[in-house]
Amino acid sequence: PNRHRSAIHGAAAPLLKAATELNGRLHSVDPDRCEDAHRLVHKLGYLANWTHHQMVSDEFFKTFRERVDFAFVDGDHRWPVIERDIRNLYERLRPGGIIWASDLCPLHAPYEPYVQEYDGPDYVEHRPGTIHEAQAACGVSKALLRVLPTLRPRPQGINLSMHPNPSALIRKPGDNELLGMECP
């Protein structure tokens, strides 16, 4: 439960505020009931713009067909799950939309070979400053290395940031960027 509360206090809170101000909607997916998050969202007055889907992401994507402008990925850190999540989100991403993937492992020496070979345990909880943090981050990074070259149209504007929380922004080309040209 604490991780859900920190997620709403952290990155999700400004996204929910923006969704409310733009008359949009924020969908969150988690098998947990997220009771702390429900109370906080209700207290902040954002409940009308938030839908919590109590399920794993694979189940969510079987029925969710809406187009999205922005997606924040910070859930299950197993690389096969993240790879599917990125692929599923990219299919639903509007042209010009962005996916923000959190908790990366540095993609340079000496970490890169570890990322490539990482097969990790079934589940790793992200705990800052521990081996669990490194394992979780390498799972996210491996998923990105595997899935990015396969996405069509090819993502543009991929930004990797290492501070304070290593993450990646993946941008789907806009309609005007696709007219008559192949994205490199």
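One can find the structure itself at the top, above this paragraph.
Residues numbered from 1 in each chain as written. Predicted model: local features only at pLDDT ≥ 70, side-chain atom pairs only at ≥ 80, totals over all residues. Heavy atoms only, no water.

All of the buried residues in helix α2 (residues 35–44) are Ala37, Leu40 and Val41. Relative to the axis of α2, the buried residues are bounded by an arc of 100° and lie together on one face. Within α2, the exposed residues directed more than 90 degrees away from the buried face are Arg39, His42 and Lys43. Remark: Gly45 follows α2 within two positions and exhibits a positive phi of approximately 85°. (Buried < 20%, exposed > 50% of the residue type's maximum accessible area, 1.4 Å probe, protein only. Helix = DSSP H or I, 4+ residues; strand = E, 2+ residues; numbered from the N terminus. Arc of directions from axis to C-beta.)

What follows concerns the pattern of salt bridges. Within this structure, the stated rule accounts for 9 salt bridges. Across the pair Arg84 and Asp58 runs a salt bridge whose closest N-O atoms are separated by 2.8 Å. Taken as a pair, Arg84 in helix α4 (residues 79–92) and Asp58 in helix α3 (residues 57–63) lie far apart in primary sequence, 26 residues in all. What makes Arg84 partly exposed here is its relative accessible area of 34%. Classification of Asp58 by relative accessible area gives partly exposed; the value is 28%. The salt bridge partner of Arg146 is Glu83, with a shortest N-O separation of 2.7 Å. With a gap of 63 residues between them, Arg146 in helix α6 (residues 131–147) and Glu83 in helix α4 connect regions that are remote in the sequence. Taking the relative accessible area as the measure of exposure, Arg146 reaches 41% and is therefore partly exposed. Overall, Glu83 belongs to the buried group, its relative accessible area being 12%. Each member of the salt-bridge network shares a partner with another, and the members are Glu83, Arg87 and Arg146. (Salt bridge = Lys/Arg side-chain N within 4 Å of Asp/Glu carboxyl O.)

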